Amino acid sequence: MTDRFEIDGEEVLDGKVRPFGNSAHVTVPKRWRGADVKVVRTSEPTEETEE
């Protein structure tokens, strides 16, 4: 069962989380620099995490 969130915003972007050093990142358009954003995970991770 998933949670439902309602967020007021300007634009929606579908992306994929990619490895980045000891972390991960999501790339967004350069025009979003300086904007406030929210990230919502919509599926379970597919890779094993190393801790």
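Not measured: the values here are computed from a predicted model. (Residues numbered from 1 in each chain as written. Predicted model: local features only at pLDDT ≥ 70, side-chain atom pairs only at ≥ 80, totals over all residues. Heavy atoms only, no water.)

Caption draft 1: Focus on the overall build of the protein. Of the regular secondary structure elements, the protein holds zero helices and two strands. Its C-alpha radius of gyration of 13 Å places the protein more than 25% over the 10 Å reference for a compact globule of 51 residues. Within the protein, the fraction of its 51 residues that count as buried is 2%. A gap of 8 Å separates the mean positions of the 8 positive and 12 negative side-chain charges of the protein. (Helix = DSSP H or I, 4+ residues; strand = E, 2+ residues; numbered from the N terminus. Rg over C-alpha atoms; globule rule 2.2 N^0.38 Å. Buried < 20%, exposed > 50% of the residue type's maximum accessible area, 1.4 Å probe, protein only. Lys, Arg positive; Asp, Glu negative; His and termini not counted. Charge placed at Lys NZ, Arg CZ, Asp CG, Glu CD.)

Caption draft 2: Structural detail: the pattern of salt bridges. Tallying each qualifying case throughout the model produces two salt bridges. Salt-bridge contacts for Glu44 lead to Arg41; the nearest nitrogen and oxygen are separated by 3.7 Å. Both residues of the pair, Glu44 and Arg41, belong to the exposed class. (Salt bridge = Lys/Arg side-chain N within 4 Å of Asp/Glu carboxyl O.)

Caption draft 3: Representation of the environment of Pro19. Tracing the backbone shows Pro19 in strand E1 (residues 18–20). Setting aside its immediate chain neighbours within four residues, Pro19 contacts Ala24 and His25. (Contact = heavy atoms within 4.5 Å.)

Caption draft 4: Structural view of the environment of Val37. Note on placement: Val37 falls in the segment after strand E2 (23–25). In sequence terms Val37 and Asp8 are 29 residues apart; their C-alpha atoms lie 11 Å from each other.

Caption draft 5: Main features of a nonpolar patch on the surface. Taken together, the side chains of Leu13, Val17, Val26, Val28, Val37 and Val39 define a hydrophobic patch exposed on the protein surface, amounting to about 520 Å² of accessible area. Considering the arrangement of structural elements, one finds Val17 in the segment before E1. Exposure remark for Val17: the relative accessible area of 56% places this residue in the exposed category. (Patch = residues over 30% accessible without salt bridge, like charges linked within 9 Å, V, L, I, M, F, W, Y side chains within 5 Å. Areas by Shrake-Rupley, 256 points an atom, 1.4 Å probe, with all protein chains shown as cover.)

Caption draft 6: Molecular detail of the environment of Val40. Looking at the element boundaries, Val40 is found in the segment after E2. Since its relative accessible area comes to 40%, Val40 is described here as partly exposed. Remark: the alpha-carbon pair of Val40 and Glu6, spanning 34 residues in sequence, is separated by 11 Å. In this view, Val40 contacts Phe5 and Ile7; residues no more than four positions away in its chain are not counted.

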